[in-house]
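Residue-level structural notes
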Amino acid sequence: MSEQRDHGVDGEHRGGPSGGRVLIVGGGLAGVRTAVELRERGHDGPITLLGAEPRLPYDRPPLSKAALLGEADGDEPLVPAADLAAAGITVLTGRRAEGLRPADREVDTGAGPLPWDRLVIATGADPVPLPGPAAGAPGDTGGDGGVHTLRTAEDARALRAVLDARRHLVIIGAGWIGAEVATAARRTGCPVTVLEAGPQPLAGTLPAEVAAPMRAWYAEIGAELRTDARVSGIGTDAVVLADGTTVAAGAVLVGIGARAATAWTAGSGLPLGSDGTVTVDHALRAGLPDIWAAGDCAAHPSARYGRRMAVQHWDDALRAAATVASGVLGEPVAHDPVPYFWSEQFGRMLQWLGAPGPDDRILYRGDPADPTRTVVWLDARNVPTAVLTVDRPRDLAQARRIIERRTPLDPDRAADPELPLKAAVRAP
């Protein structure tokens, strides 16, 4: 769908909670689901969805999996154009937000300002670039295949061309994205080297003892993993490490994290955290009148976990859309779900649920070295705060109910993998 005519944006339309102009900035899952939720819940005013990419909102998880293998296009619309049109939702594609003026109730774009009565910020996050000199000088290419990040459908297509050409791919960062891309690249026959600045995969995300068995997963698929490998620069055909050694590269993928895409709000008075996320309250209100934020660009306070959380996962974006829609319609509810995330890598399905605290202790269901395992984090009262499962969907399903209800477990029974996890629940 190309950029559409502004339907229902011009003119004064304030009205009550069920009316007024709603402008949603961000063409991802959180944005499009907020628009749909508003219509389904009875909002009868104009709804405009502003997206920087030249296409309708699409699902991003396949970009690091099926799209790289040619098994999916990677830009299949989350909601068909006909359905959006039937719901009276205007989608403006290829149009980027460039400024926010809350006093005037306008968002500036390259094609002129867009007015709003209620604003939803759902601009997601952008890949973090390599810092300073490590990013390379102008003209540095990282090999004939270039230097890549992976966030958009265009990014996936460019990286897929690298895989199709069987270039030696150097991945900077052994995180979730690095592991998924390494898996896809090896399936296509590409030589793969993964450079991780930390001492193990998923450094900073998982404790060393939990992540340690994952090192062998890279070797199993024939990918070289180098830990404690800090990058100092990218040359024309190699990556340069801090110790002066070089790693030959036919192409480079930088996968060292993401930062909230909120730079366009600078000077607006919108409260932002040090990581760029919009500081919202329990109902995802953004601290300025009639503004909400949802998805990867927002950080909400969690009563469940006793701290502010920025959850950059698909499941949270979906749930946040429902929370925002309720607030826009004058029926605010608290947003405090148990974080959930999954990753398909090395022929395994990893599922993560919850958010452990710094003092929680780790409990393994069975042998800690078993590749197919469940790891549970317990607080001082033996209440599970998080769980990581590898190819154990039953454990994940049972853990979800236990964590949501904050039910204590018997640690000895929970450690027995032959028992269902629910059998370890302590009687009230």
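Let us look at the structure shown here. These numbers were taken from a predicted model, which means no experiment stands behind them.

Definitions and cut-offs
Position labels on residues start from 1 in each chain and follow its written sequence. pLDDT decides what is reported in this predicted model: residues at 70 or higher carry local features, side-chain atom pairs at 80 or more are listed and counted, and totals for whole chains, interfaces and linings draw on all residues regardless. Excluded from the side-chain calculation are hydrogens and water; included are all heavy atoms of the structure. Centre distance within 6.5 Å is the pairing criterion for rings of Phe, Tyr and Trp, where only the six-membered ring of Trp is used; planes under 30 degrees apart are then read as stacked, over 60 as edge-to-face, and the remainder as tilted. Put simply, DSSP marks the helices as runs of H or I at least four residues long and the strands as runs of E at least two long, and each gets a number from the N terminus on. Only protein chains enter the accessibility calculation, which uses a 1.4 Å probe. A residue is then buried if its area is under 20% of the maximum for its type, exposed if over 50%, and partly exposed in between. Here, any two strands with at least 2 DSSP bridges between them count as paired. For the purposes of this section, nonpolar cores are sets of buried Ala, Val, Leu, Ile, Met, Phe, Trp, Tyr and Cys residues that join through side-chain atoms within 4.5 Å. A contact between two residues is defined here by any heavy atoms of the two lying within 4.5 Å.

Moving on: the packing of aromatic side chains. Centre distance and the angle of the planes are the two values used to describe a pair of aromatic rings. Applying the stated criterion across every chain, the model contains six aromatic pairs. Ring centres 5.0 Å apart and planes at 65° place the aromatic pair tryptophan 176 and phenylalanine 341 in the edge-to-face group. With tryptophan 176 in helix α4 (residues 176-187) and phenylalanine 341 in strand β22 (residues 340-345), the pair connects residues that are 165 residues apart, well separated along the chain. By relative accessible area, tryptophan 176 is classed as buried at 16%. Relative to tryptophan 342, the ring of tyrosine 340 has its centre 6.2 Å away and its plane inclined at 25°; by these criteria the two rings are stacked. Ring-pair connections join several aromatic residues into one group, and the members of that group are Trp217, Tyr218 and Phe346.

Okay, the pairing of strand β4 (residues 97-101) next. Relative to strand β5 (residues 106-109), β4 runs antiparallel, the two sharing four bridges. Within the sheet, the bridge partner assigned to alanine 97 lies in β5 and is threonine 109. Linking β4 to β5, which pair antiparallel, is a turn of four residues; within it arginine 105 sits at a positive phi near 55°.

Right, let's get into the sheet that holds strand β20 (residues 298-302). Strands sit in the order β18-β20-β21 across an open sheet of three strands; the sheet is mixed. The open sheet terminates on both sides in strands that have one partner only, identified here as β18 (278-279) and β21 (307-309). Across two bridges, β18 lies against β20 in parallel orientation. Residue pairing for β20: valine 278 is matched across the bridge by alanine 298.

Further remarks concern the nonpolar core. Counting 47 residues, the largest nonpolar core has Leu23, Val25, Leu100, Val107, Leu119, Ile121 and Ile291 as the members making the most contacts within it. Listed by contribution, the elements that provide at least two residues to this core are β1 (22-25), α1 (29-40), β2 (47-50), β3 (89-92), β4, β7 (118-121), β19 (291-293) and α7 (314-328). Counting residues per element, this core draws most heavily on α1, at six residues. With sequence-adjacent residues up to four places away left out, valine 107 is seen in contact with Leu23, Val25, Ala97, Gly99, Leu100, Gly112, Pro113, Leu114, Trp116, Leu119 and Trp264. Formed by 43 residues, the second largest nonpolar core is a distinct cluster that contains Ala156, Val162, Leu206 and Phe341.

Any functional reading would require information that these geometric values do not contain.
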